[in-house]
Amino acid sequence: MRKLVAALAALSMVDSATLWISQTAGPFPSVVPLGNPTAYRNLYIHVPISVATYLLFTLGFALALLYLLRGRRWMDGAAHSFIISGLIFGFSTLVTGMIWASESWGSPWNWDPRETGVLFMFLAFLVYLAVRSSIRDPDVRPRVSMAFAVAAYATIPLSFLVPYLMPSLHPTLPETGMFVRGGTTPLIFGGRVALVSAEGVVLALLMWKGGAGRRAWLATLPVLLAGLVIVSLQIPPNMARERPSGDTFKVRVISGSLLNETLELRVRGDSGTYILLYRGDPPIKPLFVTFGGQKRLTLEKHWLLVRGSVEDGRIVASSLRLVPYWGNAVNSLIYALTLLALALVSGRVNQESNLGLIPGDAK
Amino acid sequence: MKGLILAAAVALVILLVGYMAITSSSYESVSQLARYSRPTVVTVRARVADIKTLPDRDLIVFVLEDDNGSRVLALYRLTRFISQYGAPPSHSTVEQEVVMRGVFYPSRSGNAIGRLEIREILQGCHRAYEAPPATGG
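Rules used throughout
Residues numbered from 1 in each chain as written. Chains lettered and ligands numbered in written order. Predicted model: local features only at pLDDT ≥ 70, side-chain atom pairs only at ≥ 80, totals over all residues. Heavy atoms only, no water. Salt bridge = Lys/Arg side-chain N within 4 Å of Asp/Glu carboxyl O. Helix = DSSP H or I, 4+ residues; strand = E, 2+ residues; numbered from the N terminus. Buried < 20%, exposed > 50% of the residue type's maximum accessible area, 1.4 Å probe, protein only. Contact = heavy atoms within 4.5 Å. Buried area = accessible area lost by both parts, 1.4 Å probe. Polar contact = N/O pair within 3.5 Å; in protein donor to acceptor, adjacent residues only side chain to side chain. Nonpolar A, V, L, I, M, F, W, Y, C, P; charged D, E, K, R; others polar. Pairing = 2+ DSSP bridges. pLDDT = per-residue confidence, 0-100. Phe/Tyr/Trp six-rings, centres within 6.5 Å; stacked < 30°, edge-to-face > 60°. Axes fitted to C-alpha atoms, helices over the stretch in contact; angles between N-to-C directions.

A.B. asks: Looking at this structure, I do not really get the pattern of salt bridges. What am I missing?
C.D. replies: Think of it this way: side chains of opposite charge can pair up when their charged atoms draw near. Residue and element names in this part refer to chain A. If you walk through the whole model with that rule in mind, you get 12 salt bridges over all chains. Between Arg 132 and Asp 76 there is a salt bridge, and its shortest N-O distance comes to 2.9 Å. Taken together, the residues span a long stretch of sequence, with Arg 132 in helix α4 (residues 113-134) and Asp 76 in helix α3 (residues 73-104) at a distance of 56 residues. Residue Arg 132 is classed as buried on the basis of its relative accessible area, which comes to 5%.

A.B. asks: How should I be thinking about the interface of chain A and chain B in this particular structure?
C.D. replies: A common way to state how big an interface is: give the accessible area lost once the parts meet. Taken residue by residue, the interface counts 65 residues in chain A and 47 residues in chain B. In total, chain A and chain B occlude about 4800 Å² of area from one another, counting both sides; carbon and sulfur atoms represent 67% of this. It is Pro 33, Leu 169 and Phe 291 of chain A that lose the most area in chain A upon contact with chain B, and together they represent 13% of the buried surface on that side. Run the count over chain A and chain B and you get 10 residue pairs in polar contact (both at pLDDT 80 or more). Looking at the side of chain A that touches chain B, its residues break down into 40 nonpolar, 14 polar and 11 charged. When strand β5 (residues 284-285) of chain A meets strand β6 (residues 133-136) of chain B, the two strands line up antiparallel, connected through 2 bridges. Across the sheet, residue Ile 284 of chain A finds its bridge partner in β6 of chain B, namely Gly 136 of chain B.

A.B. asks: Would you explain the confidence of the model for chain B in this entry?
C.D. replies: For any part of a model where pLDDT is low, the fine detail of the predicted coordinates should not be relied upon. All names here are of chain B. Looking at chain B as a whole, the pLDDT averages 86, with 98% of positions reaching at least 70. Mean pLDDT across the secondary structure elements of chain B bottoms out at helix α2 (residues 78-85), with 83, and peaks at strand β3 (residues 71-77), with 94. Predicted complex, confidence summary: ipTM 0.81, pTM 0.90.

A.B. asks: Honestly, the sheet that holds strand β1 (residues 28-29) of chain A in this entry has me stumped. Any pointers?
C.D. replies: Whenever strands of a sheet pair, they do so through backbone hydrogen bonds, lying parallel or antiparallel. Strands sit in the order β1(A)-β6(B)-β5(A) across an open sheet of 3 strands; the sheet is antiparallel. Only two strands of the sheet have a single neighbouring strand rather than two, namely β1 and β5 of chain A. Of the pairings in the sheet, the one linking β1 of chain A to β6 of chain B comprises 2 bridges and is antiparallel in character. From the neighbouring strand, Pro 29 of chain A faces β6 of chain B, where its bridge partner is Pro 133 of chain B.

A.B. asks: What is the right way to read the pairing of β3 of chain B from this model?
C.D. replies: Looking down a regular strand, the side chains alternate between one sheet face and the other. Residues and elements named next belong to chain B. With burial as the criterion, only one face of β3 is covered, namely that bearing Val 72, Ala 74 and Tyr 76; the residues Arg 71, Leu 73, Leu 75 and Arg 77 on the opposite face remain uncovered. Taken together, strand β2 (residues 59-65) and the strand that follows it, β3, pair antiparallel across an intervening segment of 5 residues, in which Gly 69 is found at a positive phi of about 95 degrees. In terms of strand pairing, β3 meets strand β5 (residues 112-122) through 4 bridges, oriented parallel. By the bridge assignment for β5, Arg 71 is matched with Ala 112.

A.B. asks: Would you explain the packing of aromatic side chains in this entry?
C.D. replies: Think of a pair of aromatic rings as described by two things: how far the centres are apart, and how the planes are tilted against each other in angle. Applying the stated criterion across every chain yields a total of 13 aromatic pairs over all chains. On the numbers, 5.6 Å between centres and 85 degrees between planes, the contact of Tyr 40 of chain A with Trp 100 of chain A is edge-to-face. Of the two residues, Tyr 40 of chain A sits in the loop between β1 and α2 (46-70) while Trp 100 of chain A sits in helix α3, which places them 60 residues apart along the sequence. Just as Tyr 40 of chain A is buried, Trp 100 of chain A falls in that class too. Consider the rings of Phe 179 of chain A and Tyr 129 of chain B, whose centres lie 6.2 Å apart with planes at 55 degrees: the pair is tilted. Note that Phe 179 of chain A is positioned in helix α7 (residues 173-179) and Tyr 129 of chain B in the loop between β5 and β6, a pairing that runs across two chains.

A.B. asks: Which parts of the structure should I look at to understand the pairing of strand β2 (residues 248-259) of chain A?
C.D. replies: All names here are of chain A. Across 5 bridges, β2 lies against strand β8 (residues 303-311) in antiparallel orientation. When the sheet's bridge partners are listed, Lys 250 is paired in β8 with Leu 305. Looking at chain direction, β2 and strand β3 (residues 262-269) are connected through 7 bridges and run antiparallel. For Ser 257, the partnering residue across the bridge sits in β3 and is Glu 264. Hairpin connection from β2 to β3: 2 residues lie between these consecutive antiparallel strands, with Asn 260 at a positive phi of about 50 degrees.

A.B. asks: I tried to follow the sheet that holds β2 of chain A on my own but got confused; where do I start?
C.D. replies: With mixed pairing, 5 strands are arranged side by side around a closed barrel as β2-β3-β4-β9-β8 (chain A). Adjacent strand axes in the sheet meet at a mean angle of 50 degrees when their direction is disregarded.

A.B. asks: Help me out: how do you make sense of the side chain of Ser 159 of chain A in this one?
C.D. replies: Relative to the helices and strands, Ser 159 of chain A is located in helix α6 (residues 155-165). Ser 159 of chain A has contacts with Tyr 54, Arg 114, Gly 117, Val 118 and Met 121 of chain A, leaving out every residue within four places of it along the chain.

A.B. asks: Is there a simple way to explain the side chain of Ser 104 of chain A in this structure?
C.D. replies: Secondary-structure assignment places Ser 104 of chain A in helix α3. Residue classification places Ser 104 of chain A among the buried residues on the basis of a relative accessible area of 2%. Beyond its immediate stretch of four places on either side in the chain, Ser 104 of chain A contacts Leu 34, Ala 39 and Tyr 40 of chain A together with Gln 123 of chain B.

A.B. asks: Can you help me understand unusual backbone geometry in this one?
C.D. replies: Excluding glycine, a negative phi dihedral is what most residues carry, and trans is how most peptide bonds are arranged. In the segment running from Lys 285 of chain A into Pro 286 of chain A, the intervening peptide bond is cis, with an omega of -10 degrees. With respect to the secondary-structure elements, Pro 286 of chain A resides in the loop between β5 and β6 (288-291). At Lys 301 of chain A, a residue that is not glycine, the phi angle is positive and equals roughly 75 degrees. Along the chain, the position of Lys 301 of chain A falls in the loop between β7 (294-297) and β8. For Lys 301 of chain A, a relative accessible area of 5% translates into the label buried. Backbone geometry at Asp 58 of chain B places phi at a positive 50 degrees, although glycine is not the residue there. On the secondary structure map, Asp 58 of chain B appears in the loop between β1 (40-54) and β2.

Set out below in C-alpha cells:
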C-alpha cells in the first residue's frame, strides 16, 4: 500500500508539471477549421483521459473474464475496482470532450457516432453497477456482475472503431498521429497519455486494496494545484472586454500581414473590425505556414489580449498575448478533480468485496 | 461456463443495441432527406457546392450537394456566423464538406429538394491535424 501511495505521489508530481507545460507551451495546430486554435491543447487532457478509460475498462474486463474462468474472489474485487475507476474516468472523458467540442466542432453534443458510442459504453458500465448493487447474495453477485462486465466490454471496440467505419467528427488514430509526430509534441502527448493511464491504474489498485485514506488524496494534490494555477492564469484573459478602449482589451484576428517588421492585423472587437499595428515579437511561432498550397497567418481565429491605445481608429499595440481557450483551464481542473474523486472514493467502494480476499491475505 | 454463456449472450444484445444506437445517430446525406414529407430535425453531411452571402438580409445560403446532384439550400444568420468564426464565410472558414444540424423543410424546386434552417454548423477536426504545429502564449 505504501509503495502504491508513493508511486501515486511521484506520478502526480510529474503529471502536474506536464499538465502545466502542455497548457502553457504545448503545440497546437496552426490552422484549424473552427474556434480558438489553442482549444486543441485539449489533446493533452481529453485524449489521455479517454485512453486511460479504455485501459481501465480493458483491465477490468480481463480480470472479470479470469474470474469467470477460474473463480478466484480477489479477481472479482480487482475487476470491480478497475471498472469503477473506468466509470469515473469515462465521465471525465465525456465532460472534457463536450467542453472541447463546444469550441472546435461548434456544439458541445452532436450525437457524433464516437460520442454516442462512448456514452453507450458509459451507460453499459453504469448498468453493470446497478446489476451488482441489486444482487444481495454474496455468491451470486460476483458471478452475475462479472458476466455482465465481460458483456459490457462489447461497447469498447464498438466505440473505438466507429470513426473507422462511418463518417465522424472524431479523427482516427492515423489522423491524430499526423499532428503528433514532430518537435516536442510526441514527448508531451506521449508523456501525458502514459502518466494519466499510470495514475488511473495506481488509483484502481489502491481502491482494490481498500484505499489509503487521506494519504491517497494528498498524493493527488499537486495535479489539483496545477489545475488551479492554470485556471487562475487562463480564465481572466478570457474575461477581458472586447471593446478596444482603455489599456487592455481582447480582439479576434481575421487576417493580417507583416510589412517592414510591423504586423498589420485586421481584427474584430465587439463593435466592428479594426486595423491593429504591432512591432515586436509575435505571440505565436511560426507566424506564417504554408498549408493546402496557401501561405496562412497562424494568428487567424486567435483571440489576442492587447495592451495599447486606439489612435485615429487604429489600434497601436504595445504588447500582444494569445488568449487561451477557457475550456482548457476548466478541463485541467476537471482532470485534477477526477483524480481527487477517485482517491476519495477509493477506500469506500470495495471494502466488502475485499475482506480477506486480496492475494496473500488469508482466504 | 454458465457465466461465460450468459456474458456472450448479453454481449450480443449490447452489440446489437449499440450498433443500432450509433448508426441511427449517424449523419444523413442530402438525397436521404428526400424521404421526409414534413419539417424534420436532421443532421446532414454534405459537400458545399456554393456559398452566397446576403448582408442586407443577414443571411448566408449554403448550397449543399450530393454525389447524385441532389441539392439543399441551407440558411444561417450572417451575424451569428461572424461571431463564431470571426469573419464572413470563405475557404478559410468553411471546409468543402460540412455537417449541419437543423430543421429540414421539404419543397422541391429545380435540383433543390428543400431548405435547411441551420441550428448548428459542425466541423470535424481532421484537417487541423494535417496543419503544422504552432506554439505561443
